[in-house]
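Each chain is listed here by its residues.
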Amino acid sequence: MALIDSKTRKIIKDYSIDELKEQAKLMRGYNLVALCAAGSGHAGGTLSIMDVTAALYLKIADHDPKNPSWEDRDRIIWSTGHKAPSLYLGLAFAGFCKKEDVMYLRKLYSPFQGHPHWLKLPGVEVSSGSLGQGLSVAVGISLAGKLDGKNYKTFCIMGDGEQQEGNIWEAAMEAGHFKLDNLVGIIDYNRLQIDGWVREVMDVDPLEDKYRSFGWEVIRINGHEMQQVINALQKGKRGVGKPLLIIAETVKGKGVSFMEDVAGWHGKSPNYEEMLKGLEELGLKEKIPYEQLLTHAKNYQKEVDKKLDVKVPKFKKNYWWNSNNIMKVKMEPTRKGFGQSLADHGDDERIVALGLDISGSITISDFYQGKPDRKKRWLSMGIAEQSATAAAAGLAKEGKLPVLGTYGTFAAARNLDQLRVSVCYGNFNVFIAGAHGGVSVGPDGATHQALEDLFNVCGLPNMSVVVPCDVVETKKASDYLLLKHIGPKFLRFAREATPIVTTEKTPFIFGKANVTRLRSESENFIDSFETVLADQYKNENEHLSIIACGPMVPEAMRAAYILKKDYNWETRVVNIHTLKPIDETAIIKAAKETGIVITAEEHQIGALAWRVSGVITESPELYGRPIITGAIGVKDRFGDSGAPWELVKEFEVSAEHIAAKAVELMKIKNKK
């Protein structure tokens, strides 16, 4: 069985082994084009799993492309969600969607998200992206099948590095305990993860012995030998009286010589020349209409651009970053400041850095790069955020200065209980880096965009939270937190290059806000502003205040420029780089002296807005005063795939949106 008309129960198409091999090759080719069109994505793993994809979607799994919700269909769960293009091509080749539409991969408003979202694309069974959860979902689906007396099978595709997540082993235990003979696990055993060889990062073997000890049947196959793949999957379809695990030995980047067995191609997409070379090696350069497909993607992007343009408030001219000959800015990723700090201060023998598999991306590996003597204090913990967090607490208890980091959404959510109990309750000196905060992770989509992380960490007693505005301030904040601050501490910074708006001379004192004022219009944006400590600032009777944190500080400064040029209004910009403890005095002064307070955060509205509002409402100095407030931030929604600066517009957190809110509130103030 495989592709079935769910009404007649007749097979739509039965592929031979040779046909499946050809389809898998074509999928690899379309994958290269889609990744090239996206400009981002995961080439290595999508290529390694493609033979299994072709076998599952075209030969083994019972499903109907005309009836994606057919209740008797087999379920295919992609726990390894970053391999989403493989999933999308499996669906496309099976007839669930058009092959050319997969070229919309990772683009804004597209159903082909960077990580799969089941509510956007028929045929996708579950949303995934945060590793380790898919097998538990598959256990639940398998249990539901048992309870409902259904005969469907549940296939769960995982990575080998993913086996480092503790969640996997809880699910493995449950599957064995409940004797789920309707569950088939598939491990894409390509031996590589982001930080290198799995065996060197955090060895997961012997997988056979581990799964068997939990009551699973285990078989190991060549994941690129189609007959072996089919035989193994058919065994799973027939059932073995217990859950079945298929360890499919594969090659990361399979089929493209310069990608094969190269860890660097885990989260990388080919450029145009690399795409052509890959297609040629696969023998597909004349078989796949790559130019038409790329044009299809470009035309879609043009429509996205039109929709975004409508969403951005308009003013007398275009004030977007570097769109004019004056007020130019330099941009650099804030994450680099974190890495620079570790590189500068890593000789302190107390410092221990814990890697969580995205070490280069978040720059924590700068701790030991070029400094082999520090390598003994570099602990690669693998994809295991919860255990690493608790281990950091243990290191801190014994006098070490542990630093760990990962994407903000994993650094503040996956391990929240460990932060709460192991770190904060014991008040241990642990430094947590929440990287890629806000929308800056872009095309990876909702599962990887940290838009709720500050709610979590700010709610933890004893936790200090700093959200610096640019790379320079990130370096200063990292220096302070690393060596001077004692206690739990969370630093949130971005991935994308953002404007540099501070200098070495700009004041930075933990817990003390800065006030920034527009002074002139000049060639360089940074030279147009003056910044002082908030407690040293003297009232200039500004029309309004914008209180911001993180990369929203430059946006607030640009909003101040827009308001000055178009309305001749003066704006006080307050940089709350320390979100906890927050500078209450600076907030109260801004509210009292300007009467309008707008908060701006690249986060769900509330991490900053609610804290500022709380300070205002609880201040006796402001009782009876008419303070007008507004908030700019993400409006209670999940993220989306798209370029980072597109998402700044889509989520309405640009300077233009801040300025538009200011115009709205100034109308209220002027009426009074």
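Residues numbered from 1 in each chain as written. Predicted model: local features only at pLDDT ≥ 70, side-chain atom pairs only at ≥ 80, totals over all residues. Heavy atoms only, no water.

Novice: Just checking my understanding: could you explain the sheet that holds strand β13 (residues 401–407) for this structure?
Specialist: Pairing between the strands of a sheet comes from backbone hydrogen bonds, and it takes one of two forms, parallel or antiparallel. Within the open sheet, the 7 strands sit side by side as β12-β11-β13-β14-β16-β15-β22. Their pairing is mixed. Each edge of the sheet is formed by a strand with only one pairing partner; in this case those strands are β12 (378–380) and β22 (578–580). With strand direction ignored, the average angle separating the axes of adjacent strands in the sheet is 20°. Relative to strand β16 (residues 489–492), strand β14 (residues 431–435) is paired through 4 bridges, and the arrangement is parallel. Bridge assignment links Gly434 to a residue of β16, and that residue is Arg492. Sheet strands in contact with helix α14 (residues 385–397) are β11 (351–355), β12 and β13, and its direction is about 165° off that of β13. (Pairing = 2+ DSSP bridges. Helix = DSSP H or I, 4+ residues; strand = E, 2+ residues; numbered from the N terminus. Axes fitted to C-alpha atoms, helices over the stretch in contact; angles between N-to-C directions. Contact = heavy atoms within 4.5 Å.)

Novice: How should the sheet that holds strand β9 (residues 244–249) be read in this particular structure?
Specialist: The strand order across the open sheet formed by 5 strands is β3-β4-β5-β9-β8, and the pairing between neighbours is parallel. Two strands in the sheet have a free side with no partner beyond their single neighbour: β3 (75–78) and β8 (217–222). Each strand of the sheet is rotated relative to its neighbour by a mean of 20°, with strand direction disregarded. Bridge count between β3 and strand β4 (residues 154–159): 4 bridges; the pairing is parallel. Within the sheet, the bridge partner assigned to Ile76 lies in β4 and is Phe155.

Novice: Help me understand the packing of aromatic side chains, please; the structure alone is not making it clear to me.
Specialist: The geometry of two aromatic rings is summed up by the distance between their centres and the angle between their planes. Throughout the structure, instances matching the rule amount to 18 aromatic pairs. For the pair Trp169 and Tyr211, a centre-to-centre distance of 4.8 Å together with 50° between the ring planes defines the contact as tilted. Of this pair, Trp169 sits in helix α6 (residues 166–177) while Tyr211 is found in helix α8 (residues 207–213), placing the two residues 42 residues apart along the sequence. An aromatic cluster is present here, built from Trp169, Tyr211, Phe214 and Trp216 joined pairwise through their rings. Above the ring of Tyr152, the side-chain terminus of Arg75 is found at 3.9 Å from the ring centroid. Directly above the aromatic system of Tyr189 lies the positively charged group of Arg220, at a separation of 4.8 Å from the ring centroid. (Phe/Tyr/Trp six-rings, centres within 6.5 Å; stacked < 30°, edge-to-face > 60°. Lys NZ or Arg CZ within 6 Å of the ring centre and 35° of its normal.)

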